[in-house]
Amino acid sequence: MRDSVNKGKPGDLDLEKYKPVSGSHDYIEDLSRVGTNESQRWLNVGIDVSENNRAATFIQKDNSVVYSCAKTEGLEMMSIGDALKKHDWLEGYMWQLLSPDKDQFTSRSNQMPYNGYFIHSAPGAKITRPIQSCLYMAEEGSIQNIHNIIIAEEDSEMHIITGCASAHHGMSGLHLGVSEFYVKKGAVVHFTMIHDWGEKADVRPRTAVHVEEGGVIVSNYISLHPVGSLEMYPKTILDGEGAVARFNSILVATNDSWLDVGSRVLLNEPGTRAEIISRGITAGGTIIARGEMVGKVAGCKGHLECKGLILNEGLMHAIPELKGYVPGVDMSHEAAVGKIDQREIEYLMARGLDEDEAVSTIVRGFLSVNIEGLPPALAAEIDRAVTETQEDMM
Amino acid sequence: MLQIEDLVVKIGDKTILDRINMEIPEGETHILFGPNGSGKTSLMMTIMGFSGYTVAGGRILFKGEDITHMPVHERARMGIGVSFQRPPTIAGLKTKDMVTLCSRGRELDIEELADRVNFTQFLDRDVNHNFSGGEIKRSELLQLMAQQPELVLLDEPESGVDLENIVLLGDIVNMLLERGVKCPRSLTPNPHRKRRTKSALVITHTGHILDYITADRGQVLHNGHLCCVKNAREILKWIREYGYEECVRCEIV
Ligand SMILES: Nc1ncnc2c1ncn2[C@@H]1O[C@H](COP(=O)(O)OP(=O)(O)O)[C@@H](O)[C@H]1O
Ligand SMILES: [Mg+2]
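If you're wondering where the values come from, they're calculated on a predicted model, not measured in any experiment. The numbering scheme is per chain: residues are counted from 1 as the chain's sequence reads. Naming scheme: in the order in which they are written, chains are lettered from A and ligands are numbered from 1. Owing to the predicted nature of the model, reporting of local features is limited to residues with pLDDT of at least 70; listing and counting of side-chain atom pairs is limited to 80 or more, with chain, interface and lining totals taken over all residues. Water and hydrogen atoms play no part in the side-chain values, which are based on all heavy atoms of the structure.

Take the side chain of Q60 of chain A next. All names here are of chain A. Note that Q60 resides in strand β1 (residues 56-61). Accessible area is worked out with a 1.4 Å probe on protein chains only. A residue is then buried under 20% of its type maximum, exposed over 50%, and partly exposed in between. By relative accessible area, which is 0% here, Q60 ends up buried. Counted as a polar contact is a pair of N or O atoms within 3.5 Å, where, for protein atoms, one must be capable of donating a hydrogen and the other of accepting one, and residues adjacent in sequence contribute only when both atoms are in side chains. Separated by 3.2 Å, the side chain of Q60 and the backbone oxygen of D62 make a polar contact. At a separation of 3.2 Å, a polar atom in the side chain of Q60 contacts the main-chain carbonyl oxygen of Y114. Any pair of residues with heavy atoms lying within 4.5 Å of one another is described as a contacting pair. Filtering out sequence-adjacent residues up to four positions away, Q60 remains in contact with V65, V66, Y114, N115, G116, C134, L135, Y136, Q144 and I146. Under the scheme used here, helices are H or I runs from DSSP no shorter than 4 residues and strands are E runs no shorter than 2 residues, and both carry numbers assigned from the N terminus.

This next bit is on the environment of R59 of chain B. Residue and element names in this part refer to chain B. Here R59 is to be found in strand β4 (residues 54-62). Here the alpha-carbon distance between R59 and D124, two residues 65 residues apart in the chain, equals 40 Å. Contact partners of R59, with chain neighbours within four places excluded, come to Q3, I4, E5, L7, D66 and T68. Within polar-contact distance, the side chain of R59 engages the side chain of E5 at 2.9 Å.

On to the packing of helix α3 (residues 95-103) of chain B against helix α5 (residues 133-147) of chain B. If you want to describe how two helices pack, look at the angle between their axes and the distance between the axes. All names here are of chain B. Axis geometry follows a simple rule: fit a line to the C-alpha atoms, using only the stretch in contact for helices, then measure angles between N-to-C directions, giving values from 0 to 180 degrees. Following both chains from N to C, one finds α3 and α5 inclined at 35°, their axes separated by 7 Å at the closest point. In the crossing of α3 with α5, the sense of the turn from one axis to the other is right-handed. Here M98, V99, C102 and S103 of α3 come into contact with α5, specifically with L142, Q143, A146 and Q147. Classes in brief: Ala, Val, Leu, Ile, Met, Phe, Trp, Tyr, Cys and Pro nonpolar; Asp, Glu, Lys and Arg charged; the others, Gly included, polar. Of the residues assigned to the contact of α3 with α5, the class counts are 5 nonpolar, 3 polar and no charged. By the definition used in this description, the sense in which the near helix is turned from the far one sets the handedness, with an anticlockwise turn below a right angle giving left-handed and a clockwise turn giving right-handed.

All names here are of chain A. Only strands joined by at least two bridges in the DSSP assignment are considered to pair. Strand order in the open sheet formed by 10 strands is β2-β1-β5-β7-β9-β11-β14-β16-β18-β20, and the pairing between neighbours is mixed. The open sheet has two edge strands, β2 (64-70) and β20 (330-338), and neither has a second partner. Taken over all neighbouring pairs, the strand axes of this sheet differ in orientation by 5° on average, direction set aside. Taken together, the 9 bridges between strand β18 (residues 301-312) and β20 define a ladder with parallel strand orientation. Each bridged residue has a counterpart across the sheet, and for K307 the counterpart in β20 is A336. Helix α1 (residues 36-44) contacts β1, β5 (131-137), β7 (157-166) and β9 (188-196) of the sheet and is inclined by roughly 120° relative to β5.

Looking now at the packing of α5 of chain B against helix α6 (residues 163-176) of chain B. Residue and element names in this part refer to chain B. Relative to each other, α5 and α6 sit at 15°, their axes nearing to 10 Å. In terms of orientation, α5 and α6 fall into the roughly parallel class. The handedness of the crossing between α5 and α6 comes out as left-handed. Residue-level inspection shows K137, R138, L141, L144 and M145 of α5 in contact with α6, the latter providing N165, L168, L169, I172, V173, M175 and L176. Under this scheme an angle from 65 to 115 degrees is roughly perpendicular, one under 35 degrees roughly parallel, and one over 145 degrees roughly antiparallel; angles in between are oblique.

Rendered as structure tokens:
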């Protein structure tokens, strides 16, 4: 039996084990000339080198920003280094939501920062086409260290796709990412992150989101492929009346993958609403699916839903937590962990599907949480990825 | 079409069906009456091959082939189709995708079929999720229209359906069994067909469905025993007049 506490526990990672990135990569003048190997790895995580229907593109390979281009009115996207040079006010947004002292990873990111993206929408700008950013690791055994800032000014709207991948599945390395998102009054941010790291990669993003009155953050997180160890538990602070947070995650843990993934939302004002939905499948790996909601005022409302399927022996550990401090908070949760219901399999078989077809149909359905706000092409890509993964698992 | 010989079925250690003999010839619709708990659903589930129903004796033949131990999907592919009374919800599987799966690659106008059963607004919902009794029936029949089985097993098609919808439901069943006057274009492979080939076993304990469909024969199941084979309407008259207990006694005498 597997013990969730012992393997890949965050404190256990030894930073000395990884070496700093040795060199740098050249800037890509023409994205269409990127090799098919690389562009395919990027496409798998939602990054389209043809930049079809994209508002902006940012690509960081190891610690080098190799491409950055924003051609859309009301939108800025560049490396955080360039942004800090351009805007002296930006310093005031760094390390406001997260503390460098949080753990050894944030402390490392503070001491040795290497780029990251800055995405900024002007007040009222409605940017409908997705903004894509890719964080890519190519050097064996290295650390990728980044600091990202997203600022959505009042009443603006952005759809961001972040694809994170390593050059090949056998690569080892450590990805550290500090991300601070600011969603101002009435702004809407859809943030979709797709990971495809590899069996030996260790991943420790640290994220915090601040949402003002009437603002909305919708975050979708998808990890379908093997990963050595991954730990992320973004914190969202709903700090203005009527602010909304919705977090969806789709997790698959095959052979020895270790995923400790959750979302935490603080509902600090009346009328704030939060929803956390997670779907996990373990087929030989570990998933710790966390969720926490903290209600501090009357009139806030939240729902947490965590469902896990165990296809192969592994561990599916659901930890939903609700903390209410005053009367008038309205929070609920629903958690279920188990195997596929035989009745569902036989129902489909009675319609002519063989057992394997029935199981994969059920798995696909299970994983297809209705992720809102995705561009149709990306939704189709995710659907395809789910289908492939589900075929691999069987 | 379907032949059941000396069938004994157990759930766990409990005998649910005892030495059942039944024959449904090609093109005939038979009604299976019986009070609650008599074993009607169990018989249907056993014909379809569901787990949990252990065949402890006898055999089931379909189109002359012994299917007693055949996997569920092979029976379906041979041409047996079931309308379940309480089918499970499959989260994330849209009804229209379920219907497509049922058609197994056959060309199909789902919108047209759904329109026939007044179900178009449900196509994008997860199959059976929060469906009412009547909606489940329509969903099941829609799936069967796509599946096109030769032998149709319907478990209490009228239960939970309000009066308004029961006429529609009767029409759909007749359409499915090629006994109706209405038929959607996409379901008419040969308009000059002379002989009806669809067979059916319709389970009912109230018998209301008989007001809407025609049947060739009726049988009564009581306590796991099949105890009467007669004209379906005649049986229904008996049951309505005297109740199941009396009806069963007639057989014993
Ligand atoms: N899963 C089960 N476990 C134990 N007993 C069952 C199960 N399913 C049905 N039964 C029993 O088998 C008998 C027949 O049930 P069923 O076939 O559902 O009857 P009907 O459909 O005629 O109402 C009943 O006594 C019922 O309690
Ligand atoms: Mg029944």
